[in-house]
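Coordinate inspection notes
This is what each chain is made of:
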Amino acid sequence: MNWLTNFVRPEIQQWVRPKEVPDNLWHKCHQCGHMIFHRDLEKNLSVCQHCGFHMRLTVKQRLDMLFDDSFYQRIELPRVAPDPLKFRDSKRYSDRLKEAQGKTLEQDAIAVAHGTMGGVNVVVAAFNFQFMGGSMGMAVGEGLVAAAELAVLQDAPLVVIPSSGGARMQEGILSLMQMARTTVAVDRVKEKGLPYIVLLADPTTGGVTASFAMLGDIHIAEPGAVIGFAGQRVIESTIREKLPDGFQRAEYLLDHGMVDMVVHRHRLRETLVRLLQLLRHPKPPGEVVPLPREPILPVDGDGRV
Amino acid sequence: MNFLDFEKPIAELEGKIEELRHLSDTDEINIADEVARLQAKVDKLLKSTYAKLTPWQKTQVARHPDRPHFSDYVAHLVEDFTPLAGDRAFAEDRAIIGGLGRFRGRSVMVIGHEKGRDTESRVRHNFGMARPEGYRKARRLMAMADRFHIPVVTLVDTAGAYPGVDAEARGQAEAIARAIESCLAIRVPLITAIIGEGGSGGAIALAAANTVVMLEHSIYSVISPEGCASILWRSGDNAQDAAEALKLTAQDLHRLGVVDLVVPEPLGGAHRARNQTMDALGDTIEQSLTALLALDGGVLRARRRDKFLEMGRQGVH
Ligand SMILES: [Zn+2]
């Protein structure tokens, strides 16, 4: 695409194309092909009401559905040096980045927010698949490190929601290093005795799966989500065999011992809340609860933060 | 209701009671009298039969198809039960179920064998006989409980670890060994209840606990009576003799110091009054848990290790 297709064509199209139903009002289910009205889809948390297919969510949808009263605060993430390798394939990586930023209005493929779920303080790091396939480069690494640090600071559990094709090739070896880096980050949370929960959304593959995403205390997967290391086409061309139905799907991972549960999106929030309360409020109400070991926020003598 | 061989006279009397209850056109008062008379007879017979069960009969009661299973106890005693699956290496083994839940207001990790109830669920749970993955899952969940300072309750009900080629290939023995090691390593209270069969290594893998509780008619043994008979007597027909010799009853094991507490079962066994049995076991677990929660993690661990270090050192009391 160039400036012409980018800026001129849409206008021409508007002018040429006959007025019809705007396409964003109706969504086609990738699994069963049914057309679904956008309001129905929204009400149903982007699950097809005909076949139960779980469509990918935006970061905003994801955060809205999980936090109490859809209330949370997003934190600004530290900026990283863009395009460290001055990488270009058919296009400059720096241009791809700008394009993704323009399309998603996000800096990179991860968002970090904190708030409460069932009254329990939680930090969430959610991947944005719309941003370059949710691929993990330095900015995503930075986001996970920031989320982990915030969880430790707030003495709060960390919930990470990957939805990613894997490492970001355009950052080369530096993206590979994020696998080690994010491992340190989530281990810090675990070392503090805080729960680390991974909610595996479609798709979780490559270097993302092979690092922080498989290190949770508890792994929850959405139905049908593709979760694995190597891509299916790579495997098929290597072994020269057709892969079985359901290969690398959430249910397959459950049978193979990799996830604790496969949970329908409608029951995701209540499941998370139940787990967080079991882990964070282990004692019967009324029993004396010892003060937390560290203050949640630094408070001065007047009680002001 | 399923009846065991030695319950035949009881079954006959209860059959008569059923028949009488269905006779509506005769004199109702006479029927009521007769039913009451027969019921008293049944109770007396149950009492006398169950007071002097032989080890072999106890083995049958412990395996009774209507006896409450892991899933029954969890449904009855644990709120918000959230099963956690997988060994994070090879498979989800449904012969052992584990998860977080709330027992009498307190978060607990509950782990145990599930034998299944009908053909379909028995196959799914592999009749409660776990492969290495089951023990590796148990180990993972014990470590998780330890990390979050949550007590562990295990319910043992297995004929033994699954004897299969695949299980051996993936290290059945190693998996059991590691599970025992985990039981002895954690710094949170660990309570085991043997609710049916405590079969061999498959049982001790979950049962090296601070407090080991046994239901009155449960059994716990190094080998099944049938297995022992076929090895030592060279005939499975001698299972009754083996059951006697093995000292596998709750009463014998309590005497040997292997079991800390024996919970009495309702008249005629757990299968005749399931809720009453489950409540009684719940009360005992709660009492044990309360006592253990007063202890520091290091003390819990040290006492557990010392307890098993002493096993057999003093001989039989
Ligand atoms: Zn559909």
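Residues numbered from 1 in each chain as written. Chains lettered and ligands numbered in written order. Predicted model: local features only at pLDDT ≥ 70, side-chain atom pairs only at ≥ 80, totals over all residues.

**Focus on the overall build of chain A**
The helix and strand tally for chain A stands at 10 helices and nine strands. Across the 305 residues of chain A, 39% fall into the buried class. For chain A, restricting intrachain contacts to residue pairs at least 6 apart in sequence, the fraction spanning at least 24 positions comes to 66%. (Helix = DSSP H or I, 4+ residues; strand = E, 2+ residues; numbered from the N terminus. Buried ≥ 20, exposed ≤ 12 C-beta atoms within 10 Å, placed from the backbone. Contact = placed C-beta atoms within 7 Å.)

**Side note on the domain arrangement of chain B**
Looking at the assigned domains, one finds that chain B contains domain 1 (5-52) and domain 2 (58-310). In this structure, domain 1 of chain B and domain 2 of chain B have C-alpha centres spaced 36 Å apart. (Domains from an automatic or database assignment.)

**Re the domain arrangement of chain A**
Interface size is commonly expressed as the accessible surface area that is lost when the partners come together. All names here are of chain A. Structurally, chain A comprises domain 1 (17-55) and domain 2 (57-280). Here the C-alpha centroids of domain 1 and domain 2 sit 25 Å apart. Listed by partner, the interface residues are six residues for domain 1 and nine residues for domain 2. Classifying every residue of the side of domain 1 that touches domain 2 by side-chain character gives three nonpolar, three polar and no charged. (Nonpolar A, V, L, I, M, F, W, Y, C, P; charged D, E, K, R; others polar.)

**Some thoughts on helix α3 (residues 59-66) of chain A**
All names here are of chain A. Among the residues of α3, V59, R62, L63 and L66 are the ones counted as buried. Axial view of α3: buried residues confined to an arc of 90°, hence all on one face. The elements touched by buried residues of α3 are β3 (72-74), β4 (110-117), β5 (120-127), β6 (158-161) and α10 (268-280). (Arc of directions from axis to C-beta.)

**What about the sheet that holds β6(A)?**
Strands pair in a sheet through their backbones, by hydrogen bonds, and they do so in one of two ways: parallel or antiparallel. All names here are of chain A. On the basis of which strands lie adjacent, the open sheet formed by seven strands has the order β3-β4-β5-β6-β7-β8-β9 and mixed pairing. On the outer flanks of this sheet lie β3 and β9 (261-262), each paired with one strand and no other. Sheet topology note: the strand β8 (residues 218-221)/β9 ladder contains two bridges and is parallel. Pairing of I220 across the sheet is with M261, part of β9. Its contacts with the sheet place α10 against β4, β5, β6, β7 (196-200) and β8, and it is angled at close to 130° to β5. (Pairing = 2+ DSSP bridges. Axes fitted to C-alpha atoms, helices over the stretch in contact; angles between N-to-C directions.)

**Thoughts on the interface of chain A and chain B**
Of the residues lining the interface, 19 residues belong to chain A; the matching set on chain B comes to 23 residues. At the level of elements, α9 (250-255) and α10 of chain A are the ones that each hand at least two residues to the side of chain A that touches chain B. Here the side of chain A that touches chain B gets four residues from one element, more than from any other, and that element is α10(A). Of the residues contributing to the side of chain A that touches chain B, the split by class is 11 nonpolar, three polar and five charged.

**Description of the confidence of the model for chain B**
Here chain B averages 94 in pLDDT, and 97% of its residues register 70 or above. Across the interfaces of the predicted complex, the ipTM metric reaches 0.91, alongside a pTM of 0.89. (pLDDT = per-residue confidence, 0-100.)

**A word on the environment of A:A148**
Residue and element names in this part refer to chain A. Mapped onto the elements of the fold, A148 is located in helix α5 (residues 138-154). Residues A148 and V159 lie 11 residues apart in sequence; the distance between their C-alpha atoms is 9.5 Å. Setting aside residues up to four positions removed in sequence, A148 forms contacts with L158, A185, V186, R188 and V189.

**As for unusual backbone geometry**
Cis peptide bonds are those with omega within 30 degrees of zero, and the linkage from A:D202 to A:P203 qualifies with -20°. Even without being a glycine, A:R240 presents a positive backbone phi close to 55°. Checked against the element boundaries, A:R240 lands in the loop between α8 (232-239) and α9. Judged by the 6 C-beta atoms lying within 10 Å of it, A:R240 is exposed. In this model, B:H149 sits at a positive phi of 55°, which is unusual for a non-glycine residue. Topologically, B:H149 is positioned in the loop between α6 (132-147) and β4 (152-158).

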